[in-house]
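Below, each chain spelled out in residue letters.
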Amino acid sequence: SFCTLLAMSAISASAPGKVLICGGYLVVEAPNVGLSIGVNARFKTAVQSSALQAEAGALTVKVASPQFGANFAFNVTVNAEDGTVAVAQTEGRETPFLYCGVLVTSAFLQSCGGLPSGEVSLVLLADNDFYSQRNYLESKGEKVSAATLRTVPAHNPLVGDVSKTGLGSSAALTTSLVACVATALARASGSDAAIAAVKETETLHRLAQAAHSIAQGKIGSGFDVFTAVYGTSVYVRFPPSAVDTLMSGSVPTSLSAAAVRDCVDLAKPWVPQRPVVVPGLPPGVKLLLADIHQGGSSTPGMVSKIMAWRKSVASEPDNLWNRLAVANQNYLSTMVELHAAAAADRADYDAALALLAGTPCDGWDAIESSSAAVALFRKMRDAALLSRGMLREVGQLAGVEVEPATLTPLLDATRAVPGVIATGCPGAGGYDAVFALVLGDAATTAVEQMWESYSGLEVCPLLVREDAQ
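Notes on the structure in this doc start here. Nothing here was measured: the structure is a model prediction, and the numbers come from that model. (Residues numbered from 1 in each chain as written. Predicted model: local features only at pLDDT ≥ 70, side-chain atom pairs only at ≥ 80, totals over all residues. Heavy atoms only, no water.)

### With respect to unusual backbone geometry
Moving on, step 1. Looking along the chain, the bond that leaves Ala30 and enters Pro31 is cis, with omega of 5 degrees.
Moving on, step 2. Along the polypeptide, Pro31 turns up in the loop between strand S2 (12-22) and strand S3 (34-53).
Moving on, step 3. Positive phi, normally seen in glycine, also occurs at Tyr25, with a value near 70 degrees.
Moving on, step 4. By secondary structure assignment, the location of Tyr25 is in the loop between S2 and S3.
Moving on, step 5. A relative accessible area of 4% means that Tyr25 is categorised as buried.
Moving on, step 6. Even without glycine at this site, His155 takes up a positive phi of about 50 degrees.
Moving on, step 7. Take His155: it is sitting in the loop between helix H3 (146-149) and helix H4 (169-189). (Helix = DSSP H or I, 4+ residues; strand = E, 2+ residues; numbered from the N terminus. Buried < 20%, exposed > 50% of the residue type's maximum accessible area, 1.4 Å probe, protein only.)

### Points about the sheet that holds strand S13 (residues 459-461)
Moving on, step 1. Strand order in the open sheet made by the four strands is S11-S12-S10-S13, with antiparallel pairing throughout. Where the open sheet ends on each side, the last strands, each with one partner, are strand S11 (420-424) and S13. On average, each strand axis in the sheet is inclined to that of its neighbour by 25 degrees, with strand direction left out of account.
Moving on, step 2. Taken together, the three bridges between strand S10 (residues 285-292) and S13 define a ladder with antiparallel strand orientation. (Pairing = 2+ DSSP bridges. Axes fitted to C-alpha atoms, helices over the stretch in contact; angles between N-to-C directions.)

### Re the pattern of salt bridges
Moving on, step 1. Scanning the entire structure with this criterion turns up 20 salt bridges.
Moving on, step 2. Its salt-bridge partner being Arg323, residue Asp318 comes within 3.9 Å of it at the nearest N-O pair.
Moving on, step 3. The class of Arg323 is partly exposed, set by a relative accessible area of 37%.
Moving on, step 4. We note a salt bridge from Asp382 to Arg381, for which the minimum N-O separation is 2.9 Å.
Moving on, step 5. On the basis of relative accessibility, which here comes to 4%, the residue Arg381 falls in the buried class. (Salt bridge = Lys/Arg side-chain N within 4 Å of Asp/Glu carboxyl O.)

### Structural notes on the packing of aromatic side chains
Moving on, step 1. What the rule picks out here adds up to seven aromatic pairs.
Moving on, step 2. Joined through ring pairs, the aromatic side chains of Phe226, Tyr230 and Tyr235 make up one cluster. (Phe/Tyr/Trp six-rings, centres within 6.5 Å; stacked < 30°, edge-to-face > 60°.)

### Here we look at the nonpolar core
Generally speaking, a soluble globular protein has its nonpolar side chains buried in company with each other.
Moving on, step 1. With 115 residues, the main nonpolar core has Ile21, Phe377 and Leu437 as its most contacted residues.
Moving on, step 2. If one sorts the elements of this core by residue count, H4 sits on top with 12 residues.
Moving on, step 3. Residues contacting Ile21, with those up to four places away along its chain left out, are Leu35, Ile37, Leu281, Leu287, Tyr331, Met335, Phe435 and Leu437.
Moving on, step 4. If you look at the next biggest cluster of nonpolar residues, it comprises 19 residues, including Leu26, Leu391, Val394 and Ala398. (Core = buried A, V, L, I, M, F, W, Y, C linked by side-chain atoms within 4.5 Å. Contact = heavy atoms within 4.5 Å.)

### Topic: the environment of Asp362
Moving on, step 1. Summarising the element assignment, Asp362 is placed in the loop between helix H12 (346-357) and helix H13 (372-398).
Moving on, step 2. Since its relative accessible area comes to 57%, Asp362 is described here as exposed.
Moving on, step 3. Sequence spacing of Asp362 and Ala446 is 84 residues, and the spatial spacing of their C-alpha atoms is 17 Å.
Moving on, step 4. Here Asp362 is in contact with Arg381 and Arg415, once residues within four sequence places are set aside.
Moving on, step 5. Of the polar contacts made by the side chain of Asp362, one reaches the side chain of Arg415; its length is 3.0 Å. (Polar contact = N/O pair within 3.5 Å; in protein donor to acceptor, adjacent residues only side chain to side chain.)

See below:
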């Protein structure tokens with residue numbers, strides 16, 4: 001989950017990226033569930049310098065982004081007559097996620113007793129895995145591989161036109177910025193109500209969801225922002241109506257402080273009950289991700305086609321959409337059972353993991369074992385394969401390459417590596433990336449080597465893993 005340091009001299013907030021490994025497309029509709037893994041690639045926003053005072057007056061928020069060689073500045077003003085807060089960008093190219101993060105957060109702080117005045121300067125840093133490092137490595141005469149990626153300096157400046165790796169950079173950026181700005185302004189204001197409000201994780205979550213939605217010009221599923229706040233999560237979508245009151249069809253120049261406060265009011269539950277709680281991947285199960293260098297996929301267009309198909313079959317009993325929803329829930333329930341098995345008898349669990357890690361998962365049925373954990377790993381394997389196959393079929397029926405035919409052989413070859421329990425195309429699918437869930441370190445190394453030597457596609461293992469924070 002996101003982390004915040006509260007000393008005024010060193011206020012910072014960081015937020016993880018995400019990989020949705022179960023629930024693609026279905027998470028657009030509650031109460032369907034998705035499992036989003038928080039990864040150890042993070043965005044960090046930190047206060048570099050602060051000259052803020054509690055008295056009301058002119059407020060400037062500056063943001064430096066050394067990786068992009070860019071600087072931004074935002075002037076915040078309050079209209080005492082109508083209670084609105086306005087933000088004007090005075091430096092840097094248009095950046096809706098930064099702009100909306102400052103606007104929404106400032107409006108909320110104004111509703112908590114008033115904004116401070118003065119100037120605060122922030123620095124924004126992204127871990128390397130959010131962006132392709134291909135240009136940098138090739139400029140050094142090196143090929144892209146797991147080994148060369150490990151040599152890239154932290155927070156490396158980006159070289160040329162750089163593609164994203166699909167880890168939810170805008171959500172992690174927005175969340176870290178909102179948490180940092182909210183903390184800095186609340187502490188400077190001296191308002192006990194403001195300081196108490198920004199200590200509520202769910203308040204920061206809602207502010208980030210609102211800012212991200214306004215910046216995008218639409219209310220997305222929200223799992224990326226939720227993961228940036230809470231880390232690995234079973235996600236159920238919040239009601240779009242909760243944020244719709246702040247949407248105006250374009251990025252606004254001002255917001256009502258009262259409207260923002262009402263939007264994030266914790267007395268109004270967004271998701272009263274989550275049907276499954278998974279504390280993370282089962283012990284010993286590791287997430288691997290690879291970037292596919294074959295163009296990108298247009299997620300909004302893919303979602304609209306899938307949802308049009310979903311609407312066309314809604315009246316059919318036992319339709320594929322509903323069956324996939326049940327399959328996904330069963331998949332997650334199996335992970336819950338594996339966590340319980342590890343807690344009940346860790347020796348048996350670890351022995352089962354070691355026993356299976358050296359064999360391709362389709363050969364696990366031939367292994368003689370009475371271990372409850374072995375049976376559960378087989379169950380997870382079957383559940384993962386069923387969900388992957390059903391989601392692929394949804395894409396085929398909707399005319400969307402959720403699992404492109406050119407990636408299916410790669411996913412099947414990956415699944416045949418000893419110790420691999422599941423493979424798939426994360427999130428909305430398409431050509432952007434593939435993931436694998438593997439048992440142990442040996443399988444991790446074997447998959448990375450297989451990806452790097454795979455012929456026909458440029459497959460680059462990323463260094464991200466599930467985040468322990």
